[in-house]
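For reference, the chains in residue letters:
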Amino acid sequence: MDVSERFLDAGYALLHGDDTEGRMQAVSAWKARHVDPEWADFSLVTCSEGCHWAAVQGALMELAPFGVSRVVVVPQADNLLERAKDLPPAVKNFLSNPMENTCLLLVVRGLLSAAPGKILSAKPFSDWSKEGRVFKVGALDNKAATAFLESKAREFHLMLDAGVAQSLAGRLGGSPGVLTRALEVLELIAENHRVTHEMLDQSTFRMGEQNAFAWSQAWQKGQISEALKNLRIAIEDEPDGAPLILLGQARREVERVCRLHEAARQGVKSESDLASALGLTPKQIFLLDGYKRVLERIHAEGLKKLVALLVDTDSDIKGGVLSRSPTPLINLTVSLCRAWGGKL
């Protein structure tokens, strides 16, 4: 991805868009332009999620050592830039008149609008846009998405049959991150690096839940860092639908442990009867050992706490539609990792 030079040169800049990889590349490139690696530990400040303007301004006012510029990155500024009319006059002032030896990057994970009354139509951001200090990474239209897929396919040494790129773009939309991961999946299953329409039909129905599957696989292995990484990717790729999909996967696994506990309490011992109680098919009996290990590890009391956490998480997700905070799912992820991975 080519990042605008005018954006990179800007001391005060705004990055927005729903392409996770694109944002990461743009942030890294901007920081490389403004942060002295030798003094990064002392000059660079990354604001916390959901912070207020006072915290941003306070970070900018901190004195950097030996005359090095103070660089402040706000990695999730969505709450700060929701509505133009909510921007305080004092904030408009310091954004329009940057303090000496300071740099600021505001990052918004969604697409901002320049429509009347929206943040990009209001000063100072309307001026920033004209000056090239606003950079967008977001969904591609169908034509651009097709070209993107064809370019990425060449990087992966994949040969796409005629019309495959158009079909894939039509099915998955224009998010570069989603499209890239789709090609990564196809690369694994493509024989002789050739991707056909038939292969596309067989694989794309799974791609929508690919991130959720990767998340559940990680916490079932007790891999906290991997699970949290996959959680972030899933939410960023599909902020509206992913939380409920993830919660559904977690609920299914916890419910199976609950059924195992109840069946054991009733004296059920044969594996076939236990599998039936858990809703497993005869071919899935091998999964029983895993559920038994979890129950032996956390016992009835731990299972009760896990169920309560699931209920609370469900309530928090449905009640936090506006804030879209990932905190409830982060807490659930850590608890699931401990239950399945044994780090209690």
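Residues numbered from 1 in each chain as written. Predicted model: local features only at pLDDT ≥ 70, side-chain atom pairs only at ≥ 80, totals over all residues. Heavy atoms only, no water.

### Regarding the sheet that holds strand S5 (residues 134-136)
At step 1: Pairing in this open sheet of five strands is parallel, and the strands run S2-S3-S4-S1-S5 from one edge to the other. The open sheet has two free edges, formed respectively by strand S2 (44-46) and S5, since each of these has just one partner strand. Sheet twist, expressed as the average angle between the axes of neighbouring strands with direction ignored, equals 15 degrees.
At step 2: With three bridges connecting them, strand S1 (residues 12-16) and S5 associate as parallel partners. Opposite Leu-14, over in S5, you have Val-134 as the bridge partner. (Pairing = 2+ DSSP bridges. Helix = DSSP H or I, 4+ residues; strand = E, 2+ residues; numbered from the N terminus. Axes fitted to C-alpha atoms, helices over the stretch in contact; angles between N-to-C directions.)

### Concerning the environment of Val-334
At step 1: By the element assignment, Val-334 lies in helix H16 (residues 327-341).
At step 2: Counting along the chain gives 159 residues from Val-334 to Ser-175, while the straight-line C-alpha distance between them is 28 Å.

### Regarding the packing of aromatic side chains
At step 1: Going through the model one piece at a time under the given rule, you end up with six aromatic pairs.
At step 2: Seen in terms of ring centroids, Trp-215 and Trp-219 are 5.7 Å apart; in terms of plane orientation they differ by 70 degrees. Their pairing is edge-to-face. Here Trp-219 and Trp-215 lie together in helix H11 (residues 210-220), a separation of four residues that amounts to about one turn.
At step 3: A residue is classified by how much of its surface remains accessible, and Trp-215, at 0% relative accessible area, is buried. (Phe/Tyr/Trp six-rings, centres within 6.5 Å; stacked < 30°, edge-to-face > 60°. Buried < 20%, exposed > 50% of the residue type's maximum accessible area, 1.4 Å probe, protein only.)

### With respect to the pairing of strand S3 (residues 70-74)
At step 1: By the criterion of burial, S3 is predominantly enclosed, with five of the five residues buried.
At step 2: Judged by which residues are buried, S3 turns out to be covered on both faces: Arg-70, Val-72 and Val-74 on one side and Val-71 and Val-73 on the other are all buried.
At step 3: The pairing of S2 with S3 spans three bridges and is classified as parallel. In the strand pairing of S3, Thr-46 is matched with Val-73.
At step 4: The β-α-β motif built from S2, the intervening helix H4 (residues 53-61) and the parallel element S3 has right-handed crossover chirality.
At step 5: Direction of pairing for S3 relative to strand S4 (residues 102-108): parallel, over a ladder of five bridges. Bridge pairing links Val-71 to Cys-103 in S4.
At step 6: Taken together, S3, helix H5 (residues 89-96) and S4 constitute a β-α-β crossover, and its handedness is right-handed. (Right-handed = clockwise from strand over helix to strand, strands pointing away.)

### Things to note about the nonpolar core
Nonpolar side chains in soluble globular proteins tend to be buried together.
At step 1: Of all hydrophobic cores here, the largest spans 34 residues; its most connected members are Trp-215, Trp-219, Leu-336 and Trp-340.
At step 2: For this core, the secondary-structure elements that each account for two or more residues are H11, helix H12 (224-237), helix H13 (242-265), helix H14 (271-278), helix H15 (288-319) and H16.
At step 3: Considering every element that reaches this core, the biggest residue donor is H15, with nine residues.
At step 4: What Leu-336 contacts, discounting residues up to four positions off in sequence, is Trp-215, Trp-219, Ala-250, Val-254, Leu-306 and Gly-341.
At step 5: Counting 29 residues, the second largest nonpolar core, distinct from the first, contains Leu-60, Leu-80, Leu-87 and Leu-120. (Core = buried A, V, L, I, M, F, W, Y, C linked by side-chain atoms within 4.5 Å. Contact = heavy atoms within 4.5 Å.)

### So, H5
At step 1: For H5, every residue scored as buried is listed here: Val-91, Phe-94 and Leu-95. One face of H5 carries all of its buried residues, which in axial projection span an arc of 105 degrees.
At step 2: Buried-residue contacts for H5 involve S1, H4, S4 and helix H6 (125-130). (Arc of directions from axis to C-beta.)

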